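Coordinate inspection notes
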Amino acid sequence: MSIQIVGGGLVGLCCAWELVERGHKVTVWDSGKYNASWAGAGMLAPDSETFPDPLWRERARKAALDFAAWIERLRQASGGGEIDFLAPVEEPGGRVRDGHVDPRELVQRLRHCLKGRVEFKQQRVDDLPQGKVVVAAGAAANEIGQNLVGWPPVQPVKGYLLAWEGLEAGLLDGVQHLGATYVFQRRRGTVIAGSTEERCGFDERLDWDKLRDLAQRAAVVVPKLAGKTPAQTWWGFRPGTPDGNPVVQRWNEDVVLAYGHYRNGILLAPWTGQWVAEQFSD
């Protein structure tokens, strides 16, 4: 079966991988803009970043506990080597301790697995392609195929992130929180802090007040950051829905929707890819 995927972020790539593994012919359409996977910190936090719907909360928890097995599958399929990953762990009492992963590395490894197996078209799609389609365009999903009135709405929610280099590896144990601010460290030493929320459309301007506030809050959590200039400053556009739950559903016989994961896109990408592939199992 030939399947078109609109969106080349982590959700779209996970869908593509699962589909080609099942023998489908896949084309991925990607404009290269507003890629929340590239911009995401990579939090795997089903309880810290929870959903309103109990069903989605349970799906997120299961996805978190299954993530290590998926990482190992991806590691082997993409040539081995270590992936920068801290596994979520279920603690006494049932709460899942936050984990994290480098989403840029996941995108690179998935593209390696898909090289020569999937056709990539780096261009914007204004109208839905013909045939079987998966809409995995994140915050831009409502800009695709606007002739289809009634798709569940999604909007961009802008979030800033900061990264500091030059700190010793192992400085932080797990993910540290200060209210809505989180701070964690990648295995190679980079410290990441996030994240703000701003519903301002696809506004790409920097708000220096928000960045300074984020840096100050991160320094409260990690005093060694005080007075240090971040090596990187960036933002992404999370796909937010009115009810706070993802839009993962079959729209009609040909179209499957897979967007709106909000703050849990990295966490739920593997689960979404498997769910989407099952929709085309016939």
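Above this note sits the structure.
Residues numbered from 1 in each chain as written. Predicted model: local features only at pLDDT ≥ 70, side-chain atom pairs only at ≥ 80, totals over all residues. Heavy atoms only, no water.

Quick notes on the packing of aromatic side chains
We apply this condition: Side-chain rings of Phe, Tyr and Trp (the six-membered ring for Trp) are treated as a pair once their centres are within 6.5 Å; stacked means planes under 30 degrees apart, edge-to-face means over 60, and tilted covers the remaining angles. Each residue is placed in one exposure class: buried if its accessible area under a 1.4 Å probe, protein chains only, is under 20% of its type's maximum, exposed if it is over 50%, and partly exposed if it falls in between.
Tallied over the full model, the rule gives seven aromatic pairs. Ring centres 6.3 Å apart and planes at 20 degrees place the aromatic pair Tyr182 and Phe184 in the stacked group. Grouping residues by exposure puts Tyr182 and Phe184 together as buried. For the ring pair Phe202 and Phe237, a centre distance of 5.2 Å and an interplane angle of 75 degrees mean the geometry is edge-to-face.

So, the packing of helix 1 (residues 10-21) against helix 3 (residues 54-77)
The relative placement of two packed helices comes down to the angle between their axes together with the axis-to-axis distance. Definition in use: An axis is simply a line fitted to the C-alpha atoms; with a helix, the fit covers only the stretch in contact. Between two such axes, the angle follows the N-to-C directions and lies from 0 to 180 degrees. Secondary structure is summarised from DSSP: a helix means a run of H or I of at least four residues, a strand means a run of E of at least two, and numbering begins at the N terminus for each. Angles below 35 degrees are treated as roughly parallel, those above 145 as roughly antiparallel, those between 65 and 115 as roughly perpendicular, and all remaining angles as oblique. In this scheme the crossing of two helices becomes right-handed for a clockwise turn of the near helix relative to the far one and left-handed for an anticlockwise turn of less than a right angle. A contact between two residues is defined here by any heavy atoms of the two lying within 4.5 Å. When residue character is reported, Ala, Val, Leu, Ile, Met, Phe, Trp, Tyr, Cys and Pro are called nonpolar, Asp, Glu, Lys and Arg charged, and the others, Gly included, polar.
With their axes 14 Å apart at the nearest point, helix 1 and helix 3 run at an angle of 70 degrees to one another. In this view, helix 1 runs roughly perpendicular relative to helix 3, as classed from their interaxial angle. Judged by the sense of rotation from one axis to the other, the crossing of helix 1 with helix 3 is left-handed. Facing helix 1, whose interface residues are Cys14, Trp17, Glu18 and Glu21, helix 3 presents Trp70, Arg73, Leu74 and Ala77. Looking at side-chain class alone, the contact of helix 1 with helix 3 contains five nonpolar, no polar and three charged residues.

What about the side chain of Glu105?
Here is the rule: Here a polar contact is taken to be a pair of N or O atoms separated by no more than 3.5 Å, where protein atoms must pair a possible hydrogen donor with a possible acceptor and residues adjacent in sequence count only if both atoms sit in side chains.
Looking at the element boundaries, Glu105 is found in helix 4 (residues 103-114). For Glu105, a relative accessible area of 11% gives the class buried. Of the polar contacts made by the side chain of Glu105, one reaches the backbone nitrogen of Asp84; its length is 3.1 Å.

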